[in-house]
Every structure is written in structure tokens, then in C-alpha cells.
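Observations on chain architecture
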Amino acid sequence: MPSQFVALQHRCAYLQAFPVAFRPTPFCCRSSLNNELHGTLPTLRPASPFEQAMTTYTLKQAADLLASGKTSAVELASDYLARIESLNPVLNTFITVDREKTLEMAKQADARRAQGQAGVLTGVPVAHKDIFCAEGWRTTCGSKILDNFVSPYDAGVISRCKDAGLVTLGRTNMDEFAMGSSNENSAYGVVKNPWDQTAVPGGSSGGSAAVVAARLAPAATATDTGGSIRQPAAFCGVTGLKPTYGIVSRYGMVAYASSLDQGGPIAQTAEDCALMLNVMAGHDPRDSTSLERAGEDYTGALAQSLKGLRIGMPKEYFGEGLSADVQAAIEAALAEYRKLGAEIVEISLPRTQLAIPAYYVIAPAEASSNLSRFDGVRYGHRAADYQKHINEKTSALEALYEQSRAEGFGTEVKRRILTGAYVLSHGYYDAYYLKAQKVRRLLSEDFQSGFSQCDVIAAPAAPTVAWNLGEKGDDPVAMYLADIYTLGVNLAGLPGIAHPVGFGAQGRPVGLQLIGNYFSESRLLNAAHQFQQVTDWHTRQPGL
Amino acid sequence: MQLSSDDIRRIARLARIAIDEQETVAMQQQLNGIFGVIEQLQSVNTDGVEPMSHAQDVALRLREDKVTESNQREALQAVAPAVEAGLYLVPKVIE
């Protein structure tokens, strides 16, 4: 008998002998700040003037300094790590930091530069959202179910960042499986908004946005399924770009809702976002929805004049539900755009309100399917005592699945999986899932008719500034309704950028969202960059 | 439309997530809130509208039928809860 059969026959006995089973030691989390430094650095240490200076660099400035030989990748990384060590215990922006790995990457980047092989961003340190699998790095996706998961491979985005010589500073905190608008759904604790530690940073890329705002990294990767780049960027006073669906590889990016998920950058400036997108974007045959397009230099159009740019203001976005402070900051920003030569035209996106129900059918449906892979068998958490739950209705294997998933997933993830399972279940598919896909088409057509009257669409990123931690508590609907201005972009697959335009209630940042037609990233980056040439909101940083 | 507690138990079973009575009650209340929002979809006339499953209308790519991945069984199984002799271990399924 082949030895494989022996193993199969004995597996039950084997499991009983080792109830906890094999767990690979998560070697990188051993040095994580969460584990090691929370207790040792409880108070906020003011950064030295030197650190302050180093870590306030934009991505472009850091790249220029490296190119001129005024600093090294190791020096830059060490400086950021020092700042992270002092501030992360307060802000909780990183789930995993691994000083040795970071410094090793920095050394390699310096060696590459010494050999004359450096690219534009070689040696620049960045943070990665903990959703991108990175070989040898613990990749939790904000979930307990992946607490012990050390990725055996690199995501497409990570490979591209490595090829460019970017140095990884750590893995940023996020809502579990990118499901959330406040970062309160992370299994690794809430992230504090660097501008006001009683406020949420937004979500799901709250860690990435907060890291950039707190100057713990010059830029960070992030993902956006329903606003998860643009809304936290707005809440944290930084710039974030959600590209056209299909431009950035989803390979190795833990899937939430596959037809909506898209990676993108968060940074201080539009120019930095363009530099990051140059690295992140590109065809990847391992992602079946990755688009085959000629390479584009996203910095190429930054300097263009905005004269004659038609900015559409959808009347549905500026009516009821938008708070006065956000509206005022946005109107002031649009006045600035007018001074730059843009023209403001009123447009209508009549079915805006339907983005919420359509999204909260489609995204959970796709999530329920995607997250079925977490079964306690191939990777991730396996319940230790599932055997207690075996009964006449539940086989041992079912008990293993049900208990592993019950223990591993948080409440919001369970809500979305159950919502998705329901809308896809027999007898309901047409009424919900198919209906939502038809409404998705209508929403997408509304955008196209909008773009017949304008080049880009201006919108708030969120109806209010960042709300208080705990404010929306256990009310999922209240949280969902706050996504009104971002969901449509994902449903249509369009690009959108959020950039800081001032401050609202309680001194919390306000972001303006610009939405473009397909593949208009360069146009959006150009507009935001021109705005940032004549304003200084993007240079403001929280006092930490 | 209102989901009953039986509906919640049924879909939790479909989704292979164990939930206790307390969670069932909370989930029922929250999902009914969510479906209250979702119900808005029913008021939209979508006759003749083509469902949109993806942003771009592109056909799936075909590739040559050849091996492109190397064998990484050990690396991939290193993250599994339980393996033996190259196999993933699960509780006994067939008596």
C-alpha cells in the first residue's frame, strides 16, 4: 500500500495525539513592537530635532537624498524605526515590525546603489498594509484566523516593490479582511488617528493612512474595496489614490470582494502617489483580472496646467447628509481649483443612494465565497477543541470547520459572510445578487453620463470628519451609510484620489475626493499635484 | 422581509460558522437592519439591464497549457495546522 494511504488512515489518531497540531513559529512577530515594546515604552518620547527632520521627508525628498548620497537606506530606515518604536505603542499603526529584516533590506538597497543599479526609489522605506502577502513576513490581514500565518510567497505588489528596491518598514494595521470604515474591526486593536487620538483613523487602511500622517513612513501601500484608501486618507489628512480596477495586481492580496478590490498608494503628496503607482501598477498574469496595458509614467502629467479642466459637482453629493464643516472645506478647495483655471460644472448622479445597498449585497456575496478558504486545514487557525462539538448533526470535519471559523473570524466578518451566504442562497440569488449587479450597471452608467459633461468629478470622501472611537459601536448600518461617497467608484471600477483640503470639527482633517474616468490616474494626480503647489494642507502634520 | 432566527442558524450552517444563541439573536437584529437598507434595491426598475460583474468587459485570458509553477509543497505546507508525509491532515471523514 502506498505510504499516502497509511497517512490517511492514521490521520484521526494522529490528530488526537497532537490536539494543538503543528504550528509554525511566527518568527517575525517575535520581534514585533506589539509584543515587545508595548510595555517598555509606555510614554511618548518627543522625537529629536534630527529624527523629526529625517522622518518628515516626502517619498520624493527621501529618494533625492539617497540619489545625492546625503543619506543611506540604512540611515533612513534606522531613523524611521526609531520613530516607530516611540510612537507605535501609542498609535498602534503597525501589526508587525521586524527591525532586522528591515535593516537587511536597507543594506541590500545600499549595496545595489553602490553597484550603480539603483532605481528611482531604491532604498526608500515604505510600510505595507498587512493584506499583501510577503514572504517570511507574518501576514494577518487584521484577523485572528491568520495570526500565525507567515506567508510563503510574495504578492504581486510586494514583488514589484522589492524589484524597485523599496525597504519594508513593517505591516500596517487594518480592519479585519479590509471590512470596516474605522479600523475598529482589527483583531490587533484600534489605530488612533494621529491628529486626535480620540478619533478613528478611518478604514480599512487606517494603519497605512495613520502611518503616513504620523510620519512613520513616507508612503504606504493600501487597498480600496469600498473607500478603504480614500476615506482613511481623508480622515488622516494625507493623499491616497485608488486606481482603475485591474491596474494593480491582486495576486497575493488577501481577497475580500474580488470584483471591487484594488491596491493603491497612500502618501503625503500626489507626486509621491504617482511615484508609488509607477512601482505598484503593471500587468500580472497571475491575476486573471489584471489588465494588459502599455506601461505608463504616472508622474508624466503632474506639471500640466489645469486651465480648462472641467470639474463636475454632483448635486446629490452636496446636499442633505453632508456636514457643514466638510462642505465648507471642500467649497474652499474648489475655489482654489477655480483659481488654477478649472471650471466647476454641476452634474447629477441620480442613483447615488443605491450604491449602499448594491455594495452591501455584492461585497458580502463575494466575501462569503472568498473567505470559504479559511477552513483550518491548509493554513491559519485551527480550533483546538473542535471535537467537543461533534454530534449527530455535526461530523468531525464540519465541527473542525465551524469551530475554527467561529474562533478565527471577528463579528463584522461573520456579519458579512452570513449576509453574503444569504443573498447567494437558493431562491434569493436573483432577488439580491443579480439585482445588485444590475443596479451596479446603472450606477456605472450614471458616472459615464456625468463624464460627458466634465473631466473629473469632485466629491467629499466622507460625510463628516473622523468620528470618535467607539461612536458607531455596534451599529453596522450607521457605519455602512458613512461610505456613501466612496462605494460608487468601486462598483464602477473607476479611479479616485483623496487629498487634504483643510480641517473641520475638532480640528480633524477634511479630504476632497476627485473621481476620474477609467485610466485617468495621471489626470487625477496632475490635478491634486497642481492643487498642492498652491496650498499647504498636505504639509501639515499632527503634533506628536 | 425579516430574517428569523432559524434563517440565521441556517445560513451560519451554510457558511460553516458555529454561532451560539446569544450571537444568533444579535446577528438576527443586525442582519435585519442591513437588509432594511438592501431592500431599497427592489424599488429600482432593472428590466433589460445587463448585470455587471466586473468593471472592464474583458474576456478571460488563455495561456499555454504548460507548467509554470515549481513545486513548493514544503513551503506551502509549513503554514498548515497539521500535515504528515506531504498530506494535509483532517479528522476521519470516511468510516
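Reading the values: the criteria
- Residues numbered from 1 in each chain as written.
- Chains lettered and ligands numbered in written order.
- Predicted model: local features only at pLDDT ≥ 70, side-chain atom pairs only at ≥ 80, totals over all residues.
- Heavy atoms only, no water.
- Helix = DSSP H or I, 4+ residues; strand = E, 2+ residues; numbered from the N terminus.
- Rg over C-alpha atoms; globule rule 2.2 N^0.38 Å.
- Buried < 20%, exposed > 50% of the residue type's maximum accessible area, 1.4 Å probe, protein only.
- Contact = heavy atoms within 4.5 Å.
- Areas by Shrake-Rupley, 256 points an atom, 1.4 Å probe, with all protein chains shown as cover.
- Axes fitted to C-alpha atoms, helices over the stretch in contact; angles between N-to-C directions.
- Parallel < 35°, antiparallel > 145°, perpendicular 65-115°, else oblique.
- Left-handed = near helix turned anticlockwise from the far one by under 90°.
- Nonpolar A, V, L, I, M, F, W, Y, C, P; charged D, E, K, R; others polar.
- Polar contact = N/O pair within 3.5 Å; in protein donor to acceptor, adjacent residues only side chain to side chain.
- Buried area = accessible area lost by both parts, 1.4 Å probe.
- Salt bridge = Lys/Arg side-chain N within 4 Å of Asp/Glu carboxyl O.
- Expected span 1.5 Å × (residues − 1).
- 1 Å grid on protein atoms, 1.4 Å probe; cavity = no way out; pocket = protein on both sides within 12 Å on 5 of 7 lines; lining within 4 Å.
- Points joined across faces, edges and corners; volume = space filled by probe spheres on them.
- Pairing = 2+ DSSP bridges.

1. Re the overall build of chain A
In terms of helices and strands, chain A carries 19 helices and 11 strands. By the compact-globule yardstick of 24 Å for 544 residues, chain A fits well, its C-alpha radius of gyration being 23 Å. For chain A, the spread of C-alpha atoms along the three principal axes comes to 80 × 60 × 45 Å. A total of 544 residues make up chain A; the buried ones form 65% of that total.

2. Here we look at the overall build of chain B
Summing up its helical and strand segments, chain B has 3 helices and 2 strands in all. Secondary structure of chain B in N-to-C order comes out as α-α-α-β-β. Against the compact-globule benchmark of 12 Å for 95 residues, chain B has a radius of gyration of 22 Å, which places it well outside the compact range. In terms of overall dimensions, chain B has C-alpha extents of about 55 × 45 × 25 Å along its principal axes. Sequence-distant contacts in chain B: of pairs separated by 6 or more residues, those separated by 24 or more amount to 29%. Entry remark: accessible area of chain B is about 6,100 Å², with carbon and sulfur atoms responsible for 50%.

3. Things to note about the packing of helix α6 (residues 73-91) of chain A against helix α7 (residues 99-114) of chain A
All names here are of chain A. Direction vectors running N to C along α6 and α7 enclose 160°, while the axes themselves pass 8 Å from each other. Of the possible angle classes, the one that applies to α6 and α7 is roughly antiparallel. Of the two possible hands of crossing, α6 and α7 adopt the one that is right-handed. Facing A73, V74, A77, S78, L81, A82 and E85 of α6, the residues of α7 in contact are R99, T102, L103, A106, K107, A109 and D110. Looking at the contact of α6 with α7 residue by residue, the class counts come to 8 nonpolar, 2 polar and 4 charged.

4. Quick notes on the side chain of A:R508
Residue and element names in this part refer to chain A. Inspection of the secondary structure puts R508 in the loop between β10 (496-503) and β11 (509-516). One polar contact links the side chain of R508 to the main-chain carbonyl oxygen of A466, over a distance of 2.8 Å. When neighbours within four sequence positions are excluded, R508 is seen to be in contact with D196, T198, A199, V465, A466, W467, N468, G502 and F503.

5. Looking at the interface of chain B and chain A
Listed per partner, the contact involves 56 residues of chain B and 83 residues of chain A. Between chain B and chain A, roughly 6,400 Å² of surface is buried when both sides are summed, and carbon and sulfur atoms account for 66% of that area. Area buried by chain B at its contact with chain A is led by B:M52, B:R61 and B:P81, which between them contribute 13% of it. Across the contact surface, chain B and chain A share 4 salt bridges. With its nearest N and O atoms 3.4 Å apart, the salt bridge here joins A:K414 to B:E23.

6. Regarding the side chain of A:D284
Counting through the fold element by element, A:D284 comes out in the loop between α11 (270-280) and β7 (310-314). The exposure class of A:D284 is buried, given its relative accessible area of 5%. Dropping the residues within four chain positions of it, A:D284 is found in contact with A:G156, A:S249, A:Y251, A:S290 and B:R61.

7. Considering the pattern of salt bridges
Any two side chains of opposite charge can pair if their charged atoms end up close together. Using the criterion set out here, one finds 25 salt bridges over all chains in the structure. One salt bridge connects A:E336 with A:K339, and the closest N-O pair in it is separated by 3.5 Å. Here A:E336 and its partner A:K339 are both found in helix α12 (residues 324-339), 3 residues apart, which amounts to about one turn of the helix. One network of salt bridges, in which partners are shared, links A:E398, A:E402, B:R13 and B:R16.

8. Some words on helix α19 (residues 521-534) of chain A
All names here are of chain A. The terminal C-alpha atoms of α19 lie 21 Å apart, and with 14 residues this matches the ideal 20 Å at 1.5 Å per residue to within 8%. Where burial is concerned, most of α19 is hidden: 11 out of the 14 residues are buried. Elements that come into contact with the buried residues of α19 comprise β5 (239-242), α11, α12, β9 (456-460), β10 and β11.

9. Brief notes about the layout of surface pockets
In this structure, the largest pocket spans a volume of roughly 600 Å³. Lining the largest pocket we find 23 residues, and of these A:C133, A:Y153, A:Y251, A:G252 and A:R373 sit closest to its centre. Reported here for the second largest pocket is a volume of approximately 380 Å³. Lining the second largest pocket are 16 residues, with A:T394, A:E402, B:R13, B:A18 and B:I19 positioned closest to its centre. Taken together, the elements giving at least two residues each to the lining of the second largest pocket come down to α14 (396-408) of chain A together with α1 (5-14) of chain B. Examining the composition of the lining of the second largest pocket, we find that 4 residues originate from one element, α1(B), more than from any other. Taken together, the residues that form the lining of the second largest pocket break down as 4 nonpolar, 4 polar and 8 charged.

10. Overview of the pairing of β11(A)
All names here are of chain A. With 8 of 8 residues buried, β11 lies mostly within the body of the structure. Of the two faces of β11, the one carrying P509, G511, Q513 and I515 and the one carrying V510, L512, L514 and G516 are both buried. Bridging between β9 and β11 involves 5 bridges; their strand directions are antiparallel. Considered in β11, the bridge of V456 is made with G516. What sits between the antiparallel neighbours β10 and β11 is a turn of 5 residues, in which Q506 has the positive phi angle 55°.

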